[in-house]
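Residue-level structure breakdown
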Amino acid sequence: RGPLTLYEFLGEAKIMPGKGEGIEGARPDLSDIRIVRKDGVAMTANLDLVFESGNLEQNIPLQDEDVVIIPRRRAASESPDDKDGAVSVLGAVNAIGRHPLSEAATLLEAMFRAEVQETAADMRNVKVIRGKKTILTANAVEILNGTDISQNIHLQPDDIVIVPRKTGITTT
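It should be emphasised that the depicted structure is a prediction, and the values quoted were computed from it without experimental measurement.

Another aspect to go through is the environment of S31. Mapped onto the elements of the fold, S31 is located in the loop between helix 1 (6-12) and strand 1 (33-36). For the pair S31 and L47, spaced 16 residues apart in sequence, the C-alpha separation works out to 5.7 Å.

Turning our attention to the pattern of salt bridges. Counted under the stated rule, the structure contains 4 salt bridges. Between D158 and R98 there is a salt bridge; the shortest N-O distance is 3.1 Å. Of the two residues, D158 sits in the loop between helix 4 (140-145) and strand 8 (160-163) while R98 sits in strand 5 (residues 97-100), which places them 60 residues apart along the sequence. Residue class for D158 comes out partly exposed when judged on its relative accessible area of 24%. Across the salt bridge formed by R113 and E109, the nearest N and O atoms sit 3.6 Å from each other. Taken together, the positions of R113 and E109, both in helix 3 (residues 107-113) and 4 residues apart, correspond to about one turn of that helix. Its relative accessible area of 27% is what places E109 among the partly exposed residues.

Reading guide: rules and limits
Residues numbered from 1 in each chain as written. Predicted model: local features only at pLDDT ≥ 70, side-chain atom pairs only at ≥ 80, totals over all residues. Heavy atoms only, no water. Helix = DSSP H or I, 4+ residues; strand = E, 2+ residues; numbered from the N terminus. Salt bridge = Lys/Arg side-chain N within 4 Å of Asp/Glu carboxyl O. Buried < 20%, exposed > 50% of the residue type's maximum accessible area, 1.4 Å probe, protein only.

If you want it as structure tokens, here you go:
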């Protein structure tokens, strides 16, 4: 069998169009899925096109260690410009999800608000995804040591922080 496709991944995760609800009761927006490769390359996919017109180009084959980000579908009353000041934090943290932060919030603030698992986290390779294609990488160890605090990225609403796990670390 070949690599798992985005559609198969969603099926295994039981995320399908018009079915169920995602995290925090929000419906998934399958028209704006983001995939971030291990090497930092980001791409978007619109699985609605697969379901509506059979456009299989959107059914991207996944690779090991890909991060798949499925945003919540906005309510009809919400504008895309509506911002709640929150960022999403994923990966080696105890409190995965959206975290409201102050206007001057930084990467470290978000990581600690989400209760980063310092022994399991790859603190040298933290990613911030901003918009559809911008990926910023920071070394949180250098921030904490004070050797390069310029890496303590100022976050913006709807940024996504990914704290990867160290390789070789497993959880039960």
